[in-house]
Amino acid sequence: MINDIPTLDDVRVDNKSIVMRIDINAPIVDSKILDFTRFESHIPTIKELEDAKLVLLAHQSRPGRKDFTTLEEHAKVLSKLLGKEVEYLDEIFSSRVQEKIKNMKNGEIILLENVRFYSEEQLERTPEEHAESHLVKKLKKYFDIFVNDAFSSSHRSHASIVGFVPVLPSVVGRLVEKEVAALNVALKSDGRKLFILGGAKMKDPVKVMKNVLENGIAEKVALTGVLANYFLKLKGFDIGKENEKVVEENKEGLKDEEMKKLFEKYREKIVLPVDLGVEKEGKRIDVTLEKFKGEVIKDIGIETAKLYAELAKEYDVVVVKGVAGVFEDQKFAIGTHEILKGVTKSKFSIVGGGHAASAAELFGLSNKIGYISTAGGACISYLSGEKLPAIEAIKDYWKKKWNVVLRNNSARS
Ligand code: 3PG
């Protein structure tokens with residue numbers, strides 16, 4: 001158990017038939033998978049289930065997108081990482097799939113087709129509603145246990161994520177355990193905490209900022225990226241027309257009045273840039289706020305980067321979500337790079353999934369960071385204090401049903 005969430009420690013898995021949701025949604029260009037991080041993160045859980053019959057469910061991208069594709073390549077990557085075959089089936093619950101699952105032997109692993117090829121998968125429904133989906137109704141009879149190892153999809157209430165929970169004893173896998181434990185350090189541990197929030201979009205980091213300030217979790221919140229520019233503007237600083245346009249485009253419904261109030265209430269805790277990395281005639285220049293003349297802001301300034309990096313060293317826990325600037329362009333990577341270097345000196349650093357995680361990888365700092373989340377949206381939800389439906393369902397059903405059922409049969413011991 002981790003925080004009342006049942007884990008693999010709470011069920012007997014040998015010789016069992018297990019259906020496990022994983023998240024190997026990855027960037028794909030020209031049919032090539034570019035990042036294997038999520039694949040690697042599931043390996044410990046999959047290995048732990050080596051004496052079971054294991055069927056994996058996963059998605060890739062969203063319908064309509066260019067990288068919305070089959071999982072054939074994904075199965076090859078998993079096979080390579082595991083050193084054993086993961087058989088890919090190009091269907092989800094056809095009679096052929098059912099026949100295959102019925103005849104599986106212990107130690108065999110099958111990866112079914114992209115679950116988002118099934119039209120009901122992405123409906124946001126309750127576990128009980130999804131338990132009535134074709135996917136769950138057709139497959140449930142072949143399994144003893146459902147495992148959710150897809151932390152990064154646990155903010156979704158989709159069929160393959162919550163639908164098996166009411167009908168099969170369900171627990172979380174080792175990756176979910178690790179993510180929850182690390183993110184709980186960010187939210188619940190005793191030490192002094194600094195959150196460095198940035199990126200291009202603003203609604204998500206604002207949700208996190210509100211949670212950690214309003215609940216006294218963060219001692220300080222240092223802002224970077226477009227969010228920092230927005231707060232500079234709210235403070236009365238003229239960020240210039242070009243940057244204002246970017247702010248307006250990325251506000252996603254945030255209300256100036258509300259944000260001003262938030263700033264006023266927590267101004268002692270919110271740290272803003274003292275200089276900016278701007279682009280002038282194709283070059284980077286660093287200007288103090290006093291000398292800024294409305295140029296296009298592409299990074300926090302070098303002084304700010306040093307300041308944030310120094311600040312990070314003072315804290316027990318530092319959480320970084322979002323990048324400080326356009327880090328893909330080397331000239332404007334300084335802010336993100338300095339911050340990530342700085343946070344490696346804190347007692348425990350956590351980097352949220354997405355661009356900041358990619359930047360840590362690019363700068364060769366990944367192995368110096370305390371924990372890098374595999375999740376983007378789910379990480380934001382968790383850090384915002386929201387409950388993740390997929391994890392809540394497992395917790396609730398364990399308490400009200402599976403704990404009792406398993407105590408009385410052999411699935412547990
Ligand atoms: C992610 O990449 O954040 C997860 O795989 C969830 O994907 P989604 O946002 O398309 O549901």
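1. Focus on the overall build of the protein
- Looking only at helices and strands, the protein has 16 helices and 17 strands in total.
- Taking 22 Å as the expected radius of gyration for a compact globule of 413 residues, we find that the protein reaches 23 Å, a close match to that expectation.
- With respect to the principal axes defined by its C-alpha atoms, the protein has extents near 70 × 45 × 35 Å.
- Per-residue burial for the protein yields a buried fraction of 56% across its 413 residues.
- Considering only residue pairs separated by 6 or more positions, the protein has 74% of its internal contacts joining residues 24 or more positions apart.

2. Comments concerning the packing of aromatic side chains
- According to the stated counting rule, one finds 8 aromatic pairs in the structure shown.
- Where Phe68 meets Phe117, the ring centres are 5.2 Å apart and the plane angle is 70 degrees; that geometry is what we call edge-to-face. In this pair, Phe68 is assigned in the loop between strand S4 (53–57) and helix H2 (72–82) and Phe117 in the loop between strand S6 (109–111) and helix H4 (127–130), connecting sequence segments 49 residues apart.
- Of the residues examined, Phe68 reaches a relative accessible area of 22% and is grouped as partly exposed.
- Residue classification places Phe117 among the partly exposed residues on the basis of a relative accessible area of 40%.

3. Overview of the pattern of salt bridges
- Tallying each qualifying case throughout the model produces 28 salt bridges.
- Among the salt bridges present, the one from Arg174 reaches Asp9, with a minimum N-O distance of 2.7 Å. Taken together, the residues span a long stretch of sequence, with Arg174 in helix H7 (residues 174–188) and Asp9 in the segment before strand S1 (17–21) at a distance of 165 residues.
- Overall, Arg174 belongs to the buried group, its relative accessible area being 18%.
- Here Glu99 ties to Lys102 by a salt bridge, and the two come within 3.6 Å at their closest N and O atoms. With Glu99 and Lys102 both in helix H3 (residues 95–102), this residue pair falls 3 residues apart, about one helical turn.
- With a relative accessible area of 41%, Glu99 lands in the partly exposed category.
- It is possible to trace a salt-bridge network through shared partners that takes in Asp9, Glu48, Arg174 and Glu177.

4. Remarks on the sheet that holds strand S7 (residues 145–148)
- Taking strand neighbours across the sheet as the criterion, the 6 strands line up as S5-S6-S4-S1-S7-S8 in an open arrangement whose pairing is parallel. The open sheet has two free edges, formed respectively by strand S5 (86–88) and strand S8 (170–172), since each of these has just one partner strand. When the angles between neighbouring strand axes are averaged without regard to direction, this sheet yields 25 degrees.
- Relative to S6, S4 runs parallel, the two being bridged by 3 bridges. Residue pairing across strands places Leu56 opposite Leu111, the latter belonging to S6.

5. Let's talk about the domain arrangement of the protein
- What the domain assignment lists for the protein is domain 1 (8–176 + 387–408) and domain 2 (180–383).
- The straight-line distance from the C-alpha centre of domain 1 to that of domain 2 is 34 Å.
- Contact residues are listed per partner, giving 10 residues for domain 1 and 11 residues for domain 2.
- Between domain 1 and domain 2 lies a buried interface of about 800 Å² when both sides are counted; carbon and sulfur atoms form 67% of it.
- Across the contact surface, domain 1 and domain 2 share 0 salt bridges.
- Counting every contact that joins domain 1 to domain 2 gives 2 residue pairs in polar contact (both at pLDDT 80 or more).
- Within the residue set of the side of domain 1 that touches domain 2, elements represented by two or more residues are helix H1 (37–48) and H7.

6. Some words on the environment of Lys201
- Within the element layout of this structure, Lys201 appears in the loop between strand S9 (193–197) and helix H8 (203–214).
- Placed 143 residues apart in sequence, Lys201 and Ala58 show a C-alpha to C-alpha distance of 27 Å.
- Apart from the residues lying within four places of it in its own chain, the contact partners of Lys201 are Asn250 and Glu252.
- Within polar-contact distance, the side chain of Lys201 engages the side chain of Asn250 at 3.4 Å.

7. A look at the pairing of S7
- Residues Ile145 and Val147 of S7 are buried on one face, and the alternating residues Phe146 and Asn148, pointing to the opposite face, are buried as well.
- Summarising the sheet, S1 and S7 pair through 4 bridges and their orientation is parallel. Across the sheet, residue Ile18 finds its bridge partner in S7, namely Ile145.
- Both S7 and S8 contribute to a ladder of 3 bridges, which runs parallel. Within S8, the position partnered with Val147 by the bridge is Val171.

8. Structural notes on the site of the ligand
- In the vicinity of the ligand, the residues found are Asp23, Asn25, Arg38, His59, Arg62, Arg116, Ser152, Ser153 and Arg156.
- Interatomic distance of 2.7 Å between a side-chain N/O atom of Arg62 and an oxygen atom of the ligand.
- For the ligand, the accessible surface in isolation is 310 Å², of which the surrounding protein chains cover 85%.
- Residue classes in the shell around the ligand are distributed as no nonpolar, 4 polar and 5 charged.

Calculation rules
- Residues numbered from 1 in each chain as written.
- Predicted model: local features only at pLDDT ≥ 70, side-chain atom pairs only at ≥ 80, totals over all residues.
- Heavy atoms only, no water.
- Helix = DSSP H or I, 4+ residues; strand = E, 2+ residues; numbered from the N terminus.
- Rg over C-alpha atoms; globule rule 2.2 N^0.38 Å.
- Buried < 20%, exposed > 50% of the residue type's maximum accessible area, 1.4 Å probe, protein only.
- Contact = heavy atoms within 4.5 Å.
- Phe/Tyr/Trp six-rings, centres within 6.5 Å; stacked < 30°, edge-to-face > 60°.
- Salt bridge = Lys/Arg side-chain N within 4 Å of Asp/Glu carboxyl O.
- Pairing = 2+ DSSP bridges.
- Axes fitted to C-alpha atoms, helices over the stretch in contact; angles between N-to-C directions.
- Domains from an automatic or database assignment.
- Buried area = accessible area lost by both parts, 1.4 Å probe.
- Polar contact = N/O pair within 3.5 Å; in protein donor to acceptor, adjacent residues only side chain to side chain.
- Near = heavy atom within 4 Å.
- Areas by Shrake-Rupley, 256 points an atom, 1.4 Å probe, with all protein chains shown as cover.
- Nonpolar A, V, L, I, M, F, W, Y, C, P; charged D, E, K, R; others polar.

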